[in-house]
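Coordinates in review
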Amino acid sequence: MSRIQTTFAALKQQNKKALIPYITAGDPHPKYTVMLMHTLVENGADIIELGVPFSDPMADGPVIQRASERALAHHVGLRSVLDMVSEFRQKDNLTPVVLMGYANPIEAMGAERFADRAKAAGVDGVLTVDYPPEECGGFVDLLRARDIDPIFLLSPTTVTARIETIIKNASGFVYYVSLKGVTGAQNLDLIEVAERVAAIRTKTDLPVGVGFGVRDAATAKAIAEIADAVVVGSRMVQTVEQSTEENVAANLAKLVAELRYAIDVVN
Amino acid sequence: MQLYDMPDAHGHFGIYGGVFAAETLIEAIEELRLMYEKYRNDPEFLAEFAYDLKHFVGRPSPIYYAKRWSERVGGARIYLKREDLNHTGAHKVNNTVGQALLAKRMGKPRVIAETGAGQHGVATATIAARLGLECVVYMGSEDIKRQAPNVYRMKLLGATVVPVESGSKTLKDALNEAMRDWVTNVADTFYIIGTVAGPHPYPMMVRDFQSVIGIEAKQQMQEMLGRQPDAVVACVGGGSNAMGIFYPYINDENVRLIGVEAAGLGMETGKHAAPLTANSPVGVLHGNRTYLMQDEDGQIVETHSISAGLDYPGVGPEHAWLKDSKRAEYVAVTDDEAMAAFHNLCRTEGIIPALESSHALAYAEKLAATMSPDQVILVNLSGRGDKDINTVAQLSGLTL
């Protein structure tokens, strides 16, 4: 069983939902990333989603774009992100790490080389925003052969027939994007989210995570009532942006702890 | 000989092209693909498109024998396909008319576009005004500075021009921002991409709409000379004017097809916008797989060209395929060479070419000199240079 599967199984036994915070690797500075990952775990993260900076993050709103730019200013790329995961694994061999990013850095490294290196570094899942299943069959096979879970997005506009195609390629969990638009947009319709998640559940037993637009403890709580995992991205990154290098860890710790508490109160 | 039939059903030109888009866009792209499949051979749609090209755009654009310029260069006779004489002053309008007609049929009241030099933005704003569609154009703030007259034109036509401050603040960033808009407003918005890039069906659809250039040229050359040219030369940024004139010639194997990229300050300096000529690595950007200027980490690098319309790190996937299959050749000329050709055409023919098209002209000069007067070169003069006079003046130390 992969670390992601183990994590969801354990949470289910405790009747808890997963909290998946996202940070962009290298933001605000590469020297803090591993420390911040440990901070997230210490304060209640079940899985870490680690953003791989890209020069052209087409699916991201301004908050995560700026995080990418801050990281790129320090030349953080896929190779250094994998090094960060390796370093994180020296102290934490339990918490799953999912890389989220775009196709081109993977293509530049070479898909097979990336899969090997990701495995060696201790990566558990890979979400590639602009690799729809139709274009990445070979890549999915490379990941699966190494017990790395390919994570795919489902959106409010994904039609039923496509949900099936995507789920056939996915493992670990599926990630429902709770609104139309880029990351960090803010018009979440909880009733629609609930309906869509219910529809996804009729197609798969994979855990369903929900993200894009989870901005505070109240929304996180509401999403936790619907989904198996709550993904919080732009709000985390915004906190990094608004912090100083001295208090960034403390501020993230506080935010994650609040989210954890809100999610756990559900049950 | 096997007839050319690219792309395949999924938009692949060999390993290039495809649909590399975020899930949030897939449904909109699929809707567009189905609608375009429905209308691309629909007689009524094609008749309306042809009517607008004739009466609104002013087609067919003439072919002109640049006699004085040819004689001065010495060598082959050079003919110009005068896309600069189209309404709005460039080939871009052929495609925007086609896509806007499609938007209307799909019931989308709002169109968006990205623009580099501003020609595609102007062409989109123009057809949006005519069809009563709301129009938003994304443009890098660097390009807004370089192309002030076009920005004002778009505003006059009722479009909203949104400056893009992210990344290198040029064409690629405008494309990113337009994609973000489309994801957010997908229900009521049609994204009019200006070049033969983007996810399928865009590269094919834009090529199809632009192929009116080559279809006319073949007929006109036959009428004028009773023969086809020895070489067709066109500039390549994303590559829409080149695909438009190349496509109808692909099966005519004795016609050389030559795409001219921007070598900027020189290929050896790295400050260029010529991924094909440089043999850049293959990667994925803006929805398709193609040759891409990038660093070791796969980050897209900043490009350089004097012409905003060629300042793009990728290239349409069909050009990537034509390069690999050796059906087309790709070369690059520098800013300085393009400028020289710009002035030559102004002085010898009374035509002010766009800086983009001046790259094709510069290569035609080099090529013609190696050929004989019984040989013929056809250059796609893709746009007029009125928009560039500030840039040119600045290079000459003048302020207008």
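Residues numbered from 1 in each chain as written. Chains lettered and ligands numbered in written order. Predicted model: local features only at pLDDT ≥ 70, side-chain atom pairs only at ≥ 80, totals over all residues. Heavy atoms only, no water.

**Digging into the overall build of chain B**
Operational definition: Elements are defined by DSSP. Helices are runs of H or I of four residues or more, strands are runs of E of two residues or more, and each kind is numbered from the N terminus. Radius of gyration: over C-alpha atoms. The globule rule applied is 2.2 Å multiplied by the number of residues raised to the 0.38 power. With a 1.4 Å probe rolled over the protein chains alone, any residue whose accessible area is under 20% of its type maximum counts as buried; one over 50% counts as exposed, and the rest are partly exposed.
Check the secondary structure of chain B and you find 15 helices and 14 strands. For a compact globule of 400 residues, the expected C-alpha radius of gyration is about 21 Å, and chain B comes in at 19 Å, within 12% of that figure. Across its three principal axes, chain B shows a C-alpha extent of roughly 55 × 50 × 45 Å. Scored against the burial criterion, the 400 residues of chain B give a buried share of 65%.

**Observations regarding the nonpolar core**
Threshold: The criterion is simple. A nonpolar core is a set of buried Ala, Val, Leu, Ile, Met, Phe, Trp, Tyr and Cys residues joined through side-chain atoms within 4.5 Å. Here, residues are in contact when the closest pair of their heavy atoms is within 4.5 Å.
If you look at the biggest cluster of nonpolar residues, it comprises 121 residues, and the most contacted ones within it are Leu-102, Trp-182, Tyr-191, Phe-246 and Leu-378 of chain B. For this core, the leading source of residues is helix 1 (residues 23–39) of chain B, giving eight residues. Residue contacts for Phe-246 of chain B: discarding those within four places in its chain leaves Val-232, Ala-234, Leu-257, Ile-258, Gly-259, His-319, Leu-322, Ala-328 and Tyr-330 of chain B. Ranked by size, the runner-up nonpolar core spans 71 residues in total, among them Val-34, Phe-114, Ile-167 and Leu-206 of chain A.

**Re the interface of chain B and chain A**
As a reminder of what qualifies: Once two parts are brought into contact, the accessible area they lose, counted with a 1.4 Å probe and summed over both, makes up the buried area. Every case where a carboxyl oxygen of Asp or Glu lies within 4 Å of a side-chain nitrogen of Lys or Arg is listed as a salt bridge.
Counting residues at the interface gives 33 residues for chain B and 38 residues for chain A. When the two sides are added together, the surface that chain B and chain A hide from each other amounts to roughly 2800 Å², 48% of it contributed by carbon and sulfur. Considering only the side of chain B, the residues that lose the most area to chain A are Glu-23, Arg-180 and Asp-297 of chain B, jointly responsible for 25% of the buried surface there. Counting across the chain B and chain A interface gives five salt bridges. For Arg-162 of chain A, the salt bridge is made with Glu-23 of chain B, and the minimal N-O distance between the two is 2.6 Å.

**Describing the pattern of salt bridges**
Tallying each qualifying case throughout the model produces 45 salt bridges over all chains. One connected set of salt bridges, linked through shared partners, spans Lys-16, Asp-46, Arg-260 and Asp-264 of chain A.

**A short note on helix 5 (residues 119–131) of chain B**
Residue and element names in this part refer to chain B. Note the cut-off: Expected helix span is given by 1.5 Å per residue-to-residue step, counting one fewer step than there are residues.
When the terminal C-alpha atoms of helix 5 are compared, their 18 Å separation across 13 residues agrees well with the 18 Å that a helix rising 1.5 Å per residue should span. The element helix 5 is largely enclosed, with a buried count of 10 among its 13 residues. Those residues of helix 5 not exposed but buried are Gln-119, His-120, Gly-121, Val-122, Ala-123, Thr-124, Ala-125, Thr-126, Ile-127 and Ala-128. Among the structural elements, helix 2 (43–57), helix 4 (92–105), strand 5 (110–115), strand 6 (134–140) and helix 7 (148–156) are those in contact with the buried residues of helix 5. Residue Gly-132 follows helix 5 closely and has a positive phi angle near 70 degrees.

**Considerations on the pairing of strand 4 (residues 125–128) of chain A**
Residues and elements named next belong to chain A. What counts is decided by this rule: Here, strands pair whenever DSSP counts at least two bridges between them. By definition, the crossover connecting two strands over a helix is right-handed if that path, from the first strand to the second, turns clockwise as seen with the strands pointing away from the viewer.
Of the two faces of strand 4, the one lined by Gly-125 and Leu-127 and the one lined by Val-126 and Thr-128 are each fully buried. Here strand 3 (residues 97–101) pairs with strand 4 via four bridges, running parallel. Bridging from a neighbouring strand, Leu-99 pairs with Val-126 of strand 4. Read from strand 4 through helix 7 (residues 137–144) to strand 5 (residues 149–151), the crossover connection turns out right-handed.

**A look at the packing of helix 4 of chain B against helix 9 (residues 202–210) of chain B**
Residues and elements named next belong to chain B. What counts, and what does not: Between the N-to-C directions of two axes lies an angle of 0 to 180 degrees, each axis being a line fitted to C-alpha atoms and, for a helix, fitted only over the stretch in contact. Should the near helix be turned counterclockwise from the far one by less than a right angle, the crossing is left-handed, whereas a clockwise turn marks it as right-handed. All amino acids are sorted into three groups, where Ala, Val, Leu, Ile, Met, Phe, Trp, Tyr, Cys and Pro are nonpolar, Asp, Glu, Lys and Arg are charged, and the leftover types, Gly among them, are polar.
It is the contact of helix 4 with helix 9, at a shortest axis distance of 8 Å, that shows an interaxial angle of 115 degrees. The two elements helix 4 and helix 9 cross, and the hand of that crossing is right-handed. Contacts from Lys-92, Asn-94, Asn-95, Gly-98, Gln-99 and Leu-102 of helix 4 reach helix 9 at Tyr-202, Met-205, Val-206, Phe-209 and Gln-210. A breakdown of the residues in the contact of helix 4 with helix 9 according to their chemical character gives five nonpolar, five polar and one charged.

**Describing the packing of aromatic side chains**
Residue and element names in this part refer to chain B. The test is simple: Stacked, tilted and edge-to-face are the three classes assigned to paired rings of Phe, Tyr and Trp, where Trp is represented by its six-membered ring and a pair needs centres within 6.5 Å; plane angles under 30 degrees give stacked, over 60 edge-to-face, the rest tilted. When the NZ atom of lysine or the CZ atom of arginine is within 6 Å of a ring's centre and also within 35 degrees of its normal, the charge is said to sit over that ring.
Under the criterion given, the structure shown has 16 aromatic pairs over all chains. Aromatic ring contacts, followed pair by pair, group Tyr-36, Tyr-39, Phe-45, Phe-49 and Phe-209 into a single cluster. In this structure, Lys-218 packs its charged tip against the face of Tyr-249, placed 5.5 Å from the ring centre. Positioned above the aromatic ring of Tyr-291, the side-chain terminus of Lys-323 is 5.7 Å from the ring centre.

**Re the sheet that holds strand 4 of chain A**
All names here are of chain A. In space, the nine strands of this open sheet follow the order 5-4-3-2-1-9-8-7-6, with parallel pairing throughout. Strands with a single pairing partner mark the edges of an open sheet, and in this sheet they are strand 5 and strand 6 (153–154). The strands that helix 11 (residues 234–242) touches are strand 1 (18–24) and strand 9 (229–232); relative to strand 1, the one it contacts most, it runs at about 45 degrees.

**Considering the confidence of the model for chain B**
The condition that has to hold: In predicted models, pLDDT denotes the confidence assigned by the predictor to each residue on a 0 to 100 scale.
For chain B, per-residue confidence averages 96 on the pLDDT scale, and residues scoring 70 or more make up 100% of the total. Confidence scores differ between elements of chain B, with helix 6 (residues 141–146) of chain B showing the lowest mean pLDDT of 86 and strand 9 (residues 231–235) of chain B the highest of 99.

**Some remarks on the sheet that holds strand 2 (residues 16–20) of chain B**
All names here are of chain B. Strand order in this open sheet of four strands is 1-2-12-11, and the pairing throughout is antiparallel. The open sheet is flanked by strand 1 (12–13) and strand 11 (282–285), the only strands paired with a single partner. As judged from the two bridges shared by strand 1 and strand 2, these two strands associate in the antiparallel manner. When the bridges of strand 2 are listed, Phe-13 appears paired with Tyr-16. Contacting strand 1, strand 2 and strand 12 (287–291), helix 12 (residues 317–324) runs over the sheet at an angle of about 30 degrees to strand 12.

**A short note on the packing of helix 9 of chain B against helix 10 (residues 212–225) of chain B**
Residues and elements named next belong to chain B. Two elements in contact, helix 9 and helix 10, have axes separated by 5 Å at closest approach and are oriented at 35 degrees. Across the interface between the two elements, Asp-208, Phe-209 and Gln-210 from helix 9 touch Val-212, Ile-213 and Gly-214 from helix 10. Of the residues that constitute the contact of helix 9 with helix 10, the class distribution is three nonpolar, two polar and one charged.

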